[in-house]
Amino acid sequence: MENIHGLSTAIATVVRKLRDKAGLTQSAFADFAGLSHVYIAQLETEARGASLTALILIGRAVGL
């Protein structure tokens, strides 16, 4: 699979900002979105790319 330059950084930034805006820890945000806290931590540190399913769950969790 081809990597799109800057996409992981953009996703990490947006996820972190959404979580901070909601005033939630990574664990609380992950629970709210139905994901693991490890997955959220990996997204925010760019250690892992985001799946479409995860992005949809995060979007739903924040009302997007």
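Residues numbered from 1 in each chain as written. Predicted model: local features only at pLDDT ≥ 70, side-chain atom pairs only at ≥ 80, totals over all residues. Heavy atoms only, no water.

1. Focus on the overall build of the chain
1) Next: Check the secondary structure of the chain and you find 4 helices and 0 strands.
2) Next: Going residue by residue from the N terminus, the α and β elements of the chain occur as α-α-α-α.
3) Next: Scaling as 2.2 N^0.38, a compact globule of 64 residues should have a C-alpha radius of gyration of about 11 Å, and the chain matches this with 11 Å.
4) Next: Expressed as a percentage of its 64 residues, the buried residues of the chain come to 25%.
5) Next: Of the charged side chains in the chain, 6 are positive and 5 negative; the average position of the first set lies 6 Å away from that of the second. (Helix = DSSP H or I, 4+ residues; strand = E, 2+ residues; numbered from the N terminus. Rg over C-alpha atoms; globule rule 2.2 N^0.38 Å. Buried < 20%, exposed > 50% of the residue type's maximum accessible area, 1.4 Å probe, protein only. Lys, Arg positive; Asp, Glu negative; His and termini not counted. Charge placed at Lys NZ, Arg CZ, Asp CG, Glu CD.)

2. Brief notes about helix α4 (residues 52-61)
1) Next: Here α4 has its buried residues at Ala54, Ile58, Gly59 and Ala61. Seen along its axis, α4 keeps its buried residues to an arc of 160 degrees; they face one direction. Every exposed residue of α4 that faces more than 90 degrees away from the buried side is listed here: Leu52, Thr53 and Arg60.
2) Next: Check the buried side of α4 and you find it contacts α1 (7-22), α2 (26-33) and α3 (37-44).
3) Next: Immediately downstream of α4, the backbone of Gly63 shows phi near 80 degrees, a positive value. (Arc of directions from axis to C-beta. Contact = heavy atoms within 4.5 Å.)

3. A word on unusual backbone geometry
1) Next: Phi at Glu46 is positive, roughly 65 degrees, even though this residue is not glycine.
2) Next: Position of Glu46 relative to the elements: it lies in the loop between α3 and α4.

4. Observations regarding α1
1) Next: With 16 residues, α1 extends 22 Å from end C-alpha to end C-alpha; this agrees with the ideal 22 Å at 1.5 Å per step.
2) Next: Those residues of α1 that sit buried are Ile11, Ala12, Val15 and Arg19. Projected onto a plane normal to the axis of α1, the buried residues spread over an arc of 100 degrees and lie on a single side. In α1, the exposed residues that point more than 90 degrees away from the buried face are Lys17 and Lys21.
3) Next: Among the structural elements, α2, α3 and α4 are those in contact with the buried residues of α1.
4) Next: A positive phi of about 70 degrees marks Gly23, the residue just after α1. (Expected span 1.5 Å × (residues − 1).)

Everything listed is a geometric property; what it means functionally is a separate question.
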